[in-house]
Amino acid sequence: MSKNEQVFDIEAGGKEFKFTVNRDSYNKYVNAISQKEKVAPSHNFLMMTVDQKQKAELREVLEQNPGSEVEIAGGIYEDYTPDIGLVVKKSSSVQSD
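Sequence order as written defines the numbering, with residues in each chain counted from 1. At least 70 in pLDDT is required for a residue's local features to be given in this predicted model, at least 80 for side-chain atom pairs to be given and counted, and no such filter applies to totals for whole chains, interfaces and linings, which use all residues. Calculated side-chain values reflect all of the structure's heavy atoms, with hydrogen atoms and water omitted.

Considerations on the pairing of strand β1 (residues 6-12)
Okay, so step 1: Sheet analysis places β1 next to strand β2 (residues 15-21), joined by seven bridges and oriented antiparallel. The residue bridging Ile 10 from the neighbouring strand is Phe 17, located in β2.
Okay, so step 2: Pairing between two strands is assigned when DSSP locates at least 2 bridges connecting them. By the criteria applied, helices consist of DSSP H or I runs no shorter than four residues and strands consist of E runs no shorter than two, each listed in order from the N terminus. Linking two consecutive strands that pair antiparallel, namely β1 and β2, is a turn of two residues; a positive phi of about 60° is found at Gly 13 within it.

In structure tokens:
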């Protein structure tokens, strides 16, 4: 497993699922979500990263629980994204005459 690959064990709908997320799958997900598109990219991200043996079971949980795609993918997104201690400071604007 590479340093950019992480495995997540998630319980959803009373069932346990294993998701393996790497930089490529994460980037595809982040690039696909937008103001108008969240459910389909979240669904695709989960189906791409879930353990292959659990796809049918996950699909069933997602179908029975509307919006769960966004909730589960959001949880993985939050955990996968490292906290780098980012601080954004406004720079003073200098006007030249």
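Some remarks on the pattern of salt bridges
Okay, so step 1: Salt bridge, as used here, is a side-chain nitrogen of Lys or Arg placed within 4 Å of a carboxyl oxygen of Asp or Glu. If you walk through the whole model with that rule in mind, you get four salt bridges.
Okay, so step 2: Among the ionic pairs, Lys 15 bridges to Glu 57, the shortest N-O distance being 4.0 Å. Of this pair, Lys 15 sits in strand β2 while Glu 57 sits in helix α3 (residues 55-64), placing them 42 residues apart in sequence.
Okay, so step 3: Burial status follows relative accessibility: with a 1.4 Å probe on protein chains alone, a residue under 20% of its type maximum counts as buried, one over 50% as exposed, and anything between as partly exposed. For Lys 15, a relative accessible area of 25% corresponds to the partly exposed category.
Okay, so step 4: Residue classification places Glu 57 among the partly exposed residues on the basis of a relative accessible area of 33%.
Okay, so step 5: What emerges from the salt-bridge pattern is a single network uniting Lys 15, Glu 57 and Glu 60.

Looking at helix α4 (residues 68-80)
Okay, so step 1: The span you would expect from a helix comes to 1.5 Å times its residue count less one. Helix length check: α4 (13 residues) gives 18 Å between terminal C-alpha atoms against 18 Å at 1.5 Å per residue, within 8%.
Okay, so step 2: Among all positions of α4, only Ser 68, Glu 69, Ile 72, Ala 73, Ile 76 and Tyr 80 are buried. Within α4, the buried residues cover an arc of 120° as seen down the axis, which keeps them to one side. Exposed positions of α4 whose direction lies more than 90 degrees from the buried face are Glu 71 and Glu 78.
Okay, so step 3: Check the buried side of α4 and you find it contacts β1, β2, α1 (23-32), α2 (39-49) and α3. Directions pointing from the helix axis toward each C-beta atom define the arc. Residues are treated as being in contact if the distance between any of their heavy atoms lies within 4.5 Å.

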